[in-house]
Amino acid sequence: MAAASLIMAPIGPTPRMPGHAPCRARCVVRGSLQGAVVNSRTEWLTSCAVLSSKVAAQVPHSTNGYVAPAAAPRGAVLDLVPTRGINGSASNLPQPLRIADLCPAPVHGSELRVAYQGVPGAYSEKAAGKAYPGCDAVPCDQFEVAFQAVENWITDRAVLPVENSLGGSIHRNYDLMLRHRLHIVGEVQLPVHHCLLALPGVRKEDITRVISHPQALAQCEHTITRMGLSVVREAFDDTAGAAEHVAAHGLRDTAAIASSRAAELYGMEVLADGIQDDCGNMTRFVMLAREPIVPRTDRPFKTSIVFAHGKEGTSVLFKVLSAFAFRDISLTKIESRPHRPIRPVEDANHGTSAKQFEYMFYVDFQASLADPRVQNALAEVQEFTSFLRVLGSYPMDMTPITHN
Ligand SMILES: O=C(O)C(=O)C[C@]1(C(=O)O)C=C[C@@H](O)C=C1
């Protein structure tokens, strides 16, 4: 266990943030409901509020790492600032903690609050329900906000997409996992079945524009072309948000790619069903928490790590991968992301100097951190690398997938 505890050490629990409310705090609703105080969870949900951040260094024209759409401002935006002390008093002075504030996050199921990116009807909301049946799914307007919601004790978990069988990795979430101190505690795979939605009475011939999440547009690219629609495609924050936008603005020349649940929620009609380019279209989501779970060996586990090449020496990537191969540990995924600083490379023979990208490597493998083979492999990997972090060791999603 020595290797594992050494590696896990820098990722301690996230402290409860002073000045932030525990889960059931009252919150200020901004936007069109500015100044209103949400008194109950029901009011919160019916206001269809979307958690919004004061994200430091936020890129103004980029959402989810994609080029921003010409999106309408959200109607109601929920800020993370509590209006009252944690005990409900009107004072801004720090209030003493009560027993209730110290209650651990509820275990699996009811009352667990789970952050997801998007609005109700988004696939991520469905993934949150699959991961934690009966949970309170809390919509967030950006991935970053979902991370902050967990870190600041607004929610107990976040469920976020990391890869899709057609579109590949959702890089933004890989970068955010590195920047934040949350732990992967599980994964869920969700079949993604897209529909083309329009306002009631609108025909396919009326449509000149299709809007959706960039991943959804990419997943339906060929089908939309094959349907012979002469449309421009525009990126939107999330699939259900695109449907909500068409409905809210009465856009009769615009269709949205979203789920059939989004159609029901926003009063849209399904013009075409199952428009994803592959009927096996699937997105993998990870569940994130403030604390890691205790790894076990009595069921299939996956472990996700990230490391940086960094140290001098050759064949680092080869050596790292060999550490797993020699121990018969199957890798399920490897992803590389550029990160700063870019390294200057001198060529002594030609007297030139060039700059080379440095990378973070994300690796998933099919074994538990409690397995001695994994602990030995990681101890070895630490020898070759300048940075190593275990993002989580968690049960694999083994539920049979049914595509409808
Ligand atoms: O927009 C949504 O509905 C989402 O949940 C986001 C998202 C994604 O980020 O990939 C999730 C699943 C689908 O692959 C399409 C979009």
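Residues numbered from 1 in each chain as written. Predicted model: local features only at pLDDT ≥ 70, side-chain atom pairs only at ≥ 80, totals over all residues.

A.B. asks: Can you lay out the overall build of the chain for me, pointing to particular residues and giving the numbers?
C.D. replies: When helices and strands are counted, the chain shows 12 helices and 21 strands. Counting only residues that meet the buried cut, the chain has 37% of its 404 residues in that class. Here the contacts in the chain between residues at least 6 apart in sequence split such that 76% fall between residues at least 24 apart. (Helix = DSSP H or I, 4+ residues; strand = E, 2+ residues; numbered from the N terminus. Buried ≥ 20, exposed ≤ 12 C-beta atoms within 10 Å, placed from the backbone. Contact = placed C-beta atoms within 7 Å.)

A.B. asks: Quick one: what's the story with the sheet that holds strand 16 (residues 269-273), residue by residue and with numbers?
C.D. replies: The sheet built from 5 strands is open, its strands ordered 14-13-15-12-16 with mixed pairing. The outermost strands of the open sheet, each flanked by one partner alone, are strand 14 (232-235) and strand 16. Strand-to-strand, the axes of this sheet are offset by a mean angle of 30 degrees, without reference to chain direction. Alignment of strand 13 (residues 209-212) against strand 15 (residues 254-258), held across 3 bridges, turns out to be parallel. Pairing of valine 210 across the sheet is with alanine 255, part of strand 15. The strands that helix 9 (residues 239-248) touches are strand 12 (195-198), strand 13 and strand 15; relative to strand 15, the one it contacts most, it runs at about 155 degrees. (Pairing = 2+ DSSP bridges. Axes fitted to C-alpha atoms, helices over the stretch in contact; angles between N-to-C directions.)

A.B. asks: Tell me about the domain arrangement of the chain, residues and numbers included.
C.D. replies: Domain annotation of the chain identifies domain 1 (26-90 + 108-190), domain 2 (195-273) and domain 3 (293-395). Of the residues that constitute the side of domain 1 that touches domain 2, the class distribution is 12 nonpolar, 6 polar and 1 charged. (Domains from an automatic or database assignment. Nonpolar A, V, L, I, M, F, W, Y, C, P; charged D, E, K, R; others polar.)

A.B. asks: Which residues make up the site of the ligand, and what are the values?
C.D. replies: Close contacts around the ligand come from 15 residues, with Ala122, Ser124, Gln215, Asp238 and Thr239 the closest. When residues of the shell around the ligand are traced back to their parent elements, those giving at least two are helix 4 (123-131), strand 9 (157-164), helix 7 (214-219) and helix 9. When the residues that make up the shell around the ligand are grouped by side-chain class, the tally is 7 nonpolar, 7 polar and 1 charged. The two domains that each donate at least three residues to the shell around the ligand are domain 1 (26-90 + 108-190) and domain 2 (195-273). (Near = placed C-beta within 6 Å.)

A.B. asks: With reference to specific residues and values, describe the nonpolar core.
C.D. replies: With 89 residues, the main nonpolar core has Val114, Ala158, Leu197 and Ala243 as its most contacted residues. Once you skip the residues sitting within four places of it in the chain, valine 114 turns out to touch Ala128, Tyr132, Cys135, Asp136, Ala137, Val138, Thr155, Asp156, Arg157, Ala158 and Val159. (Core = buried A, V, L, I, M, F, W, Y, C linked by C-beta atoms within 7 Å.)

A.B. asks: Which residues make up the pairing of strand 8 (residues 136-140), and what are the values?
C.D. replies: A large share of strand 8 lies buried, amounting to 4 of its 5 residues. By the bridge criterion, 5 bridges tie strand 7 (residues 113-117) to strand 8 in an arrangement that is parallel. Of the residues in strand 8, the one forming a bridge with glutamine 117 is cysteine 140. Handedness of the crossover is the feature at issue here: the chain leaves strand 7, passes through helix 4, returns alongside strand 8, and the resulting connection is right-handed. (Right-handed = clockwise from strand over helix to strand, strands pointing away.)

A.B. asks: Would you mind going over the confidence of the model for the chain in detail, with residue names and values included?
C.D. replies: Taken as a whole, the chain shows an average pLDDT of 77; of its residues, 68% reach a score of 70 or greater. pLDDT under 50 marks residues 1-50. Its contacts with residues more than four places away, or in other chains, come to 87 contacts. Per-residue pLDDT stays below 50 along residues 52-91; that stretch engages in 88 contacts with residues further than four places along the chain or on separate chains. (pLDDT = per-residue confidence, 0-100.)

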